[in-house]
Amino acid sequence: MDLWYTLFIVGAACYFYLTGRIIRGLIRLRRNNPEFSNEKPSVSVVIAARNEEKEIGRTIEALVQQNYPTDMIDIIIVSDRSTDRTASIVTKQSEHHPNIRLIEQTDIDETLSPKKQALDRGIRSAKGEIIVTTDADCQPQAGWLTALIQHFTPKVGMVAGKAKFVIKSDAPYWQTLQSLDFDSQGYAAAGLIADDLPFSCTGASMAFRKTLFEEIKGYSGVDNLISGDDELLLAKAARTDWQIVNAATPAAVVPTRPPESIRELWMQRIRWGSKGMYYNNTRRIVLIGIFLFLMCLTVGPFILIFDSAYFWLWIDFTIVKILLDLTATVIGSRIYDDRFDLVDFCILELVHAPALVIFAIAGHFLRFEWKGQSYRSRGNEST
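Now for a quick tour of the structure. Please read all numbers here as calculations on a predicted model, not as lab measurements.

Each helix and strand counted, the protein has 12 helices and 12 strands in total. Relative to its length of 383 residues, the protein is compact, with a C-alpha radius of gyration of 21 Å against a globular reference of 21 Å. Counting only C-alpha atoms, the protein reaches 70 × 50 × 45 Å along its principal axes. By residue count, 54% of the 383 residues in the protein fall in the buried class. When contacts within the protein are restricted to residue pairs at least 6 apart in sequence, those whose partners lie at least 24 apart make up 81%. For the protein, the accessible area works out to roughly 17600 Å², and carbon and sulfur atoms hold 57% of it.

Below, the structure written as structure tokens:
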């Protein structure tokens, strides 16, 4: 049991340290006035799309309605081996909007991530000084590009926005909890970036200088991993002298579709969890510590049967975790003008630790499906 106590305490220290920095960063976001640039650099919006005929038309419409100067926007859609009408829809839209370009990716290197290959092709053909990415099923509001680009002062190399699930009024309750969890991940990402510890971001709303992408050699070194076209690129950017900042305003938040079934959610979270061991050593150690802490919390009730002395340690750490999570969530929801429900938060806390433990384990040992293909998580080989 001495080893178990040690793992629990070390893991708790990692979790409390990281959450503390999240809270400190969120407080900075609330108090600080960001520095804005009045320049309007050329922008290339790059989207990788695979069989997105249901959404790609609406996404393009949202992009052409941006309040950013039209002659400064280049929209590139890379159709990644689509077998539906995705390419034809983009082609038809380009007839009305000359700044829309279609790239068709028909052949890929099977050892590399198809999405990263698609994004890389789009970025390398981009004309813009600033590269902006979003997903093919996202419809950003009209002020989205402006909200991101205004943060590009001379020393800034990357700007991170946020994504938000759009939940229907008749959606099952588990989607409400899923949405709150997704929001909390966005708050954590924003807080850590604001505290000079860039840890995660979302490719649904991010922007970076093309020169930065070229400087870090793009996705080289992580291009074999199916997931991580956003977070692993962020990790590479964090090792440069460029600044990374948040666009912490509701205007920079991109609405996106949540997984619509438990199975789809399961596959999504396994895919997200599959990249956990591919961060640098410092981040990997912190993540391992957090995993140990959450695992100890999860199995804690069973350990209590054999060691009653463990009870108070488990109770104390659980209370501290809840209070820290609550603080971060409340501050984050105020920054982004999100709805916050205390009952939903409490219910999510009940399943938070065991769910993350299960997803982390599954993400490194089980297969997952994405975009019609099956992958082995370890190494992310397609099958």
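Right, picking up where we left off after that structure.
Two side chains with opposite charge may pair up if their charged atoms get near one another. For the structure shown, the criterion picks out 21 salt bridges. Between Arg101 and Asp74 there is a salt bridge; the shortest N-O distance is 2.9 Å. Pair noted here: Arg101 is in strand β3 (residues 100-105) and Asp74 is in strand β2 (residues 73-80), with a separation of 27 residues, a long-range link. The exposure class of Arg101 is partly exposed, given its relative accessible area of 24%. For Asp74, a relative accessible area of 8% puts it in the buried group. Salt-bridge contacts for Asp338 lead to Lys164; the nearest nitrogen and oxygen are separated by 3.5 Å. With Asp338 in the loop between α11 (310-335) and α12 (342-365) and Lys164 in strand β6 (residues 162-165), this residue pair connects regions lying 174 residues apart in the sequence. Taking relative accessible area as the criterion, Asp338 reaches 13% and is therefore assigned buried. Ionic contacts of the salt-bridge type, sharing partners, join the residues Arg21, Arg24, Arg28 and Asp195 into one network.

Before going further, it helps to spend a moment on the pairing of strand β4 (residues 130-133). The two faces of β4 match: Ile130 and Val132 on one face and Ile131 and Thr133 on the other face are all buried. As judged from the 4 bridges shared by strand β1 (residues 43-49) and β4, these two strands associate in the parallel manner. Paired with Ser44 across the bridge in β4 is Ile131. Pairing analysis gives 4 bridges linking β4 to strand β7 (residues 206-209), with the strands arranged antiparallel. By the bridge assignment for β7, Ile131 is matched with Phe208.

Moving on to the nonpolar core. In this structure, Val43, Val45, Ile56, Ile77, Val132, Leu145 and Leu148 are the most contacted members of the largest nonpolar core, which totals 34 residues. Considering each element in turn, this core owes the most residues, 5 residues, to helix α5 (residues 144-149). In contact with Val43, other than residues within four places in its own chain, are Tyr68, Met72, Ile73, Asp74, Gly128, Ile130, Val132, Leu145 and Ile149. Ile22, Tyr187, Leu324 and Ala353 belong to the second largest nonpolar core, which has 33 residues in total.

Structurally, Lys321 is set in helix α11. On the accessibility criterion, Lys321 (3% relative accessible area) is buried. Here the alpha-carbon distance between Lys321 and Asp74, two residues 247 residues apart in the chain, equals 45 Å. With residues near it in sequence (within four places) discarded, Lys321 still touches Tyr15, Phe16, Phe293, Leu294, Leu297, Glu349 and His352. Separated by 3.0 Å, the side chains of Lys321 and His352 make a polar contact.

Rules and cut-offs
Residues numbered from 1 in each chain as written. Predicted model: local features only at pLDDT ≥ 70, side-chain atom pairs only at ≥ 80, totals over all residues. Heavy atoms only, no water. Helix = DSSP H or I, 4+ residues; strand = E, 2+ residues; numbered from the N terminus. Rg over C-alpha atoms; globule rule 2.2 N^0.38 Å. Buried < 20%, exposed > 50% of the residue type's maximum accessible area, 1.4 Å probe, protein only. Contact = heavy atoms within 4.5 Å. Areas by Shrake-Rupley, 256 points an atom, 1.4 Å probe, with all protein chains shown as cover. Salt bridge = Lys/Arg side-chain N within 4 Å of Asp/Glu carboxyl O. Pairing = 2+ DSSP bridges. Core = buried A, V, L, I, M, F, W, Y, C linked by side-chain atoms within 4.5 Å. Polar contact = N/O pair within 3.5 Å; in protein donor to acceptor, adjacent residues only side chain to side chain.

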